[in-house]
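Commentary on secondary and tertiary structure
The primary structure of each chain is shown beneath.
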Amino acid sequence: MTVFLKIIGTVLLIAGCVLTYKPNLISNIPLSENPYQMIEVRVKWGFLIGLGILFIFYNQWSDWKLTVCALLFFLALGIIIARLFGFVLDGFFSKQFLWLTIEIVALIIFGILYRYADN
């Protein structure tokens, strides 16, 4: 079962990275010319990245509290990775940097929740 989850996680991670790089690969929706909006389109695919990382690295599926905390942590991590992809590809914007800061704070909070959910 764990090998199967790791394979699925790898596929999701690769798909998330590819779709973050080229968001209109599976749809014909025209992309915005506004770089700020392009980053927001890229961030949507961060959920696939986070889910893929969860399936690759997480293996304590029996405790639901830990699983929920890990899911939130890895989804936040995937969103951060996708936003950083957007920074590299589309440029830096102060409002995007504010969103990145909020997501990092959420990541820290979810990490602390994960740490104390075991007790």
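See the structure printed just above.
If you're wondering where the values come from, they're calculated on a predicted model, not measured in any experiment.

A complete count under the given rule lists five aromatic pairs for this structure. Considering the side-chain rings of Tyr58 and Tyr114, the 6.5 Å spacing of their centres and the 70 degrees angle between planes classify their relative orientation as edge-to-face. Highlighted residues: Tyr58 in the loop between helix H3 (46-57) and helix H4 (64-90) and Tyr114 in helix H5 (residues 94-117), separated in sequence by 56 residues. We classify Tyr58 as buried; its relative accessible area is 6%. Among the aromatic side chains, those forming a connected cluster through ring pairs are Phe55, Tyr58, Trp61 and Tyr114. A cation sits over an aromatic face here: Arg115 above Tyr116, 5.8 Å from the ring centre.

Orientation of helix H1 (residues 2-21) relative to H3, taken along the N-to-C sense of each, is 155 degrees, at an axis distance of 7 Å. When the interaxial angle is binned, H1 and H3 end up roughly antiparallel. Once H1 is placed against H3, the crossing between them reads as left-handed. Counted together, Leu5, Lys6, Ile8, Gly9, Thr10, Leu12, Leu13, Gly16, Cys17, Leu19 and Thr20 of H1 and Gly46, Leu48, Ile49, Leu51, Gly52, Ile53, Phe55 and Ile56 of H3 form the full contact between these two elements. Partitioned by chemical class, the residues of the contact of H1 with H3 number 12 nonpolar, six polar and one charged.

Rules and cut-offs
- Residues numbered from 1 in each chain as written.
- Predicted model: local features only at pLDDT ≥ 70, side-chain atom pairs only at ≥ 80, totals over all residues.
- Heavy atoms only, no water.
- Phe/Tyr/Trp six-rings, centres within 6.5 Å; stacked < 30°, edge-to-face > 60°.
- Helix = DSSP H or I, 4+ residues; strand = E, 2+ residues; numbered from the N terminus.
- Buried < 20%, exposed > 50% of the residue type's maximum accessible area, 1.4 Å probe, protein only.
- Lys NZ or Arg CZ within 6 Å of the ring centre and 35° of its normal.
- Axes fitted to C-alpha atoms, helices over the stretch in contact; angles between N-to-C directions.
- Parallel < 35°, antiparallel > 145°, perpendicular 65-115°, else oblique.
- Left-handed = near helix turned anticlockwise from the far one by under 90°.
- Contact = heavy atoms within 4.5 Å.
- Nonpolar A, V, L, I, M, F, W, Y, C, P; charged D, E, K, R; others polar.

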